[in-house]
Each structure stands twice: as structure tokens, then as C-alpha cells.
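# Overview (structure and organization)
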Amino acid sequence: MFYPHRMYKLFIAFVCLAMIGACSKKDDPAPPAPTGPLTQQEINNWILDSMRYFYLWNSALPAAADTQLSAAAFFNSLKHQDDRFSFLYNPADHSTYPRYMLYNYGIDFSVINWPAAAGGAIGVIKLVLPNSPANHQAGLQRGMYFTTGPSYC
């Protein structure tokens, strides 16, 4: 005996199962992990990509640049002529830090407007030099913020 309503139910069940299987998300493969030391070109490409995304004068960056230069020379070749604040440093080489950081307790910070804070501003620590008073004596770390200056007793 032929039951069309049973065939219809089987057909609907088959279509639902096929749709569920067809809609599964395929995970994108993870980007390849580095297998050895980075090349100068890879480092400079990272610098250029970061500047294209974050840099104030990113619209003035060249379409192509010489990625065989040293990182510092490459960065300086890309910097805008009016930019006197941006710099690169090597954490292992203290000579690459700006002079003001070496003589100001080994810390770099910015003060920004923050209406909810007492006094209407907060300080955000951008960099702490290793083996500096800010690191060893005060225990400061990058990303911390402060709302008042140090208290001296």
C-alpha cells in the first residue's frame, strides 16, 4: 500500500538533514606559524602594515617601499615630515630608546582626558624599561593607569 503522506514526511526529513549538513561552518586554516628567524622583509612588511592601519598620516604612505633596509631606516623613510613623536625601539638595546625615557625613571606614559576620573584625566603607561626604577622598585607595567602622581612621605 502506498502512503503519500509518509513519503512527504521522509522527503522533508531528508531535505532538513541535507540543509543542516550543507550549512556547517568550515573553519579557515590558521595562518602559517613562522618556522625560523624572521627576515628583514617580513619585519618591514609588518611595520608598513601596522602603519597603514594605525598611523595618523597613513594616507601619505607610499604604495611600495624598499623592504630591505634596516627596520629603523625603513621606519624613518616612511615617517611623515611633521611627525616628531613616533619612534621604534629595540627592547634589548637601550641605545634605541628616546633619551627622555632613559633619564625619567624608565617609563613612558600619556595623560588623556577622562571625565569620570578624579581631576578629569588619567595617565596610561605605554612603556616600562626593564631593570629601571619604574619596573623594579615601583612594579609598574605597560597598560596600567594612574590618576594621581606619586606620594612622597
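Higher on the page you've got the structure.
This section reports on the structure supplied with the text. (Residues numbered from 1 in each chain as written. Predicted model: local features only at pLDDT ≥ 70, side-chain atom pairs only at ≥ 80, totals over all residues. Heavy atoms only, no water.)

### Some words on the overall build of the protein
- Helix and strand counts for the protein come out as five helices and three strands.
- The burial tally for the protein puts 18% of its 153 residues in the buried class.
- Of the contacts made within the protein by residues no fewer than 6 positions apart, 35% connect residues no fewer than 24 positions apart.
- Accessible area for the protein stands at about 12,400 Å²; split by element, carbon and sulfur atoms hold 61% of it. (Helix = DSSP H or I, 4+ residues; strand = E, 2+ residues; numbered from the N terminus. Buried < 20%, exposed > 50% of the residue type's maximum accessible area, 1.4 Å probe, protein only. Contact = heavy atoms within 4.5 Å. Areas by Shrake-Rupley, 256 points an atom, 1.4 Å probe, with all protein chains shown as cover.)

### As for the packing of helix α2 (residues 40-54) against helix α3 (residues 71-78)
- Where α2 contacts α3, the two axes come as close as 10 Å, and the packing angle between them is 30 degrees. The orientation of α2 relative to α3 falls into the category roughly parallel. At the point where α2 passes α3, the crossing takes the right-handed sense. Facing α2, whose interface residues are Gln 40, Ile 43, Asn 44, Ile 47, Leu 48 and Met 51, α3 presents Ala 71, Phe 74, Phe 75 and Leu 78. (Axes fitted to C-alpha atoms, helices over the stretch in contact; angles between N-to-C directions. Parallel < 35°, antiparallel > 145°, perpendicular 65-115°, else oblique. Left-handed = near helix turned anticlockwise from the far one by under 90°.)

### Overview of the nonpolar core
- Of all hydrophobic cores here, the largest spans eight residues; its members are Ile 47, Leu 48, Met 51, Tyr 55, Leu 61, Phe 74, Phe 75 and Leu 78.
- Elements represented by at least two residues in this core include exactly α2 and α3.
- Ignoring anything within four residues of it in the chain, the contact list for Ile 47 reads Ala 71, Phe 74, Phe 75 and Leu 88. (Core = buried A, V, L, I, M, F, W, Y, C linked by side-chain atoms within 4.5 Å.)

### Focus on the packing of aromatic side chains
- Evaluated as defined, the whole model comprises three aromatic pairs.
- Centre to centre, the rings of Tyr 53 and Phe 54 are 4.6 Å apart; their planes meet at 85 degrees, and the pair counts as edge-to-face. Like Phe 54, Tyr 53 is exposed. (Phe/Tyr/Trp six-rings, centres within 6.5 Å; stacked < 30°, edge-to-face > 60°.)

### Regarding the pattern of salt bridges
- Under the counting rule described, the total for this entry stands at one salt bridge.
- Note that Lys 126 is salt-bridged to Asp 108, the shortest N-O span being 3.7 Å. With Lys 126 in strand β2 (residues 121-128) and Asp 108 in strand β1 (residues 107-113), this pair connects stretches of sequence that are 18 residues apart. (Salt bridge = Lys/Arg side-chain N within 4 Å of Asp/Glu carboxyl O.)

### A word on α3
- Among all positions in α3, only Phe 74, Phe 75 and Leu 78 are buried. Down the axis of α3, the sector holding all buried residues measures 95 degrees, keeping them to one side.
- Contacts from the buried residues of α3 go to α2. (Arc of directions from axis to C-beta.)

### As for the environment of Ser 132
- Structurally, the position occupied by Ser 132 is in the loop between β2 and α5 (133-136).
- On the basis of relative accessible area, Ser 132 is assigned to the buried category, the value being 6%.
- Placed 27 residues apart in sequence, Ser 132 and Tyr 105 show a C-alpha to C-alpha distance of 6.5 Å.
- In this structure, Ser 132 is in contact with Tyr 105, Gly 106 and Gln 137, ignoring residues within four places of it in sequence.

### Some points on the side chain of Thr 67
- Within the fold, Thr 67 resides in the loop between α2 and α3.
- Looking at Thr 67, the relative accessible area reads 11%, which means it is buried.
- Among all residues touching Thr 67, those that are not within four sequence positions of it are Gln 40, Gln 41, Asn 44, Asn 45 and Phe 74.

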